[in-house]
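# Fold and contact review
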Amino acid sequence: MSEVEASVARFAAMGTRVELHLFGRDDPRALAAARAAVEAVEDALTVRRESPAVALNRVLAVGGEAVVADPLLWEALLAVDAMWRATGGLFDPCVGGDVPARGWRGAAANPFKPVPRRTPGPCWEGCGDSCETSPTWTPASAGVACEGEETIFRQRSTSGDMAGIASSSPPPSPLGPGLRRGTSAHGADNPATLSRWYALRVDRATHRVGATRPLTLDFGGFGKGYALDRAAAVLRAAGVTSAFLSAGESSIAVIGEHPLGGGWPLAIPHPEIDGVWLTELELTDASLSVSSTVGAGAAKPGRAAMVRPADGAIVTRAATAVAVATTGAEAEALSTALLVADAPALGHLRAAAPARRFLFSHDAPTRADRPMELTA
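The following refers to the structure shown. None of these values were measured; they are calculated from a predicted model.

Time to look at helix 1 (residues 28–45). The terminal C-alpha atoms of helix 1, which comprises 18 residues, lie 26 Å apart, in line with the 26 Å expected from a rise of 1.5 Å per residue. Residues of helix 1 that are buried: A30, L31, A34, A37, V38, E39, A40, V41, E42, D43, A44 and L45. Buried-residue contacts for helix 1 involve strand 1 (6–13), strand 2 (16–23), helix 2 (52–60), helix 3 (71–86) and helix 4 (220–237).

Laid out in structure tokens, this is it:
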């Protein structure tokens, strides 16, 4: 058997270890460009340090409006909206204004602090009520005052109509098994305590984003899937036909077939029992996401509880969700939705793609012959 040429890039980004494996060619330039794509997404979406997402959060946290000209943040917002709708609101990256996003503090202290970027060009510079920089790419429809500049600025709230990304009220949903009410000081029945993408409004023509009530965004795992999507797009454009990309152990994207032929074989391990597999899959030109309420990842310090957006219920059942989709952004949103869904919604989600969407319950007795069970 002839040896398959391969190259790899390993680096830390998105709060985890990222690995980009290319097969059939050695292309340092393609790897470097893919790494830059991942880091650009991190620069745009992180809430752990200054970023365009943090700048937008400062405005949304006081119920204001802003023009978003960062192309990655804007594209991510549209992708989130598509998955919010596709999952019936089960995927929702919004955090109530009274509960800051991870690593984000002091919304009103300085709404226009400089935003350092890793991408080429000068850092953000305060210019009155705006922040401007030279972007790596600006869409023709950016809707900014000066061509080639990025601007995010606070505007007075208006009563005029906006083309809402998400403007409908959250659907009522009774508590189901494995769920309990949140313990906010305001009470879980108060809409102000719930995740609320429905309160975000976006004017697609001008890229203006506003909130009808205080909220902030935390893209979380969705950012990892989206970053892998951007990296995969760069690699495909460079002519790469076989690659394996991962962000941690829960976000994976593959390009083409395995270098030895056929799909990429993947085994999903039980999060708590060594040597036990939940399922085995083969992927070709697809992405995979795993979300769980148990295991090392769920026990990390500072990890927020999994909450069902419709009613504020905290998911307490021990379970692992696995989702396969065309893009990483879709897979991340679906794995979250599967994990927080009540029984009727879970059945609907799984029925749409039973061979690509799974929820495994870990509530079986310790000595049971089957330590996991596929639900719905």
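All right, on to the packing of helix 3 against helix 4 then. Packing of helix 3 against helix 4 leaves a shortest axis separation of 11 Å and a crossing angle of 115°. The two elements helix 3 and helix 4 meet at a crossing, and its hand is right-handed. Between helix 3, through L72, E75, A76, A79 and V80, and helix 4, the contact on the second element is made entirely by F222, Y226 and R230. A breakdown of the residues in the contact of helix 3 with helix 4 according to their chemical character gives 6 nonpolar, no polar and 2 charged.

Most of strand 19 (residues 319–325) is tucked away: 7 of the 7 residues are buried. Alternating residues of strand 19 divide into A319, A321, A323 and A325 and T320, V322 and V324, and every residue in both groups is buried. Inspection of the sheet shows strand 16 (residues 286–292) paired to strand 19 by 6 bridges, in the antiparallel sense. Note that in strand 19 the partner of S287 across the bridge is A325. Both strand 19 and strand 20 (residues 357–361) contribute to a ladder of 5 bridges, which runs antiparallel. Paired with A323 across the bridge in strand 20 is R357.

About the thresholds
- Residues numbered from 1 in each chain as written.
- Predicted model: local features only at pLDDT ≥ 70, side-chain atom pairs only at ≥ 80, totals over all residues.
- Heavy atoms only, no water.
- Helix = DSSP H or I, 4+ residues; strand = E, 2+ residues; numbered from the N terminus.
- Expected span 1.5 Å × (residues − 1).
- Buried < 20%, exposed > 50% of the residue type's maximum accessible area, 1.4 Å probe, protein only.
- Contact = heavy atoms within 4.5 Å.
- Axes fitted to C-alpha atoms, helices over the stretch in contact; angles between N-to-C directions.
- Left-handed = near helix turned anticlockwise from the far one by under 90°.
- Nonpolar A, V, L, I, M, F, W, Y, C, P; charged D, E, K, R; others polar.
- Pairing = 2+ DSSP bridges.

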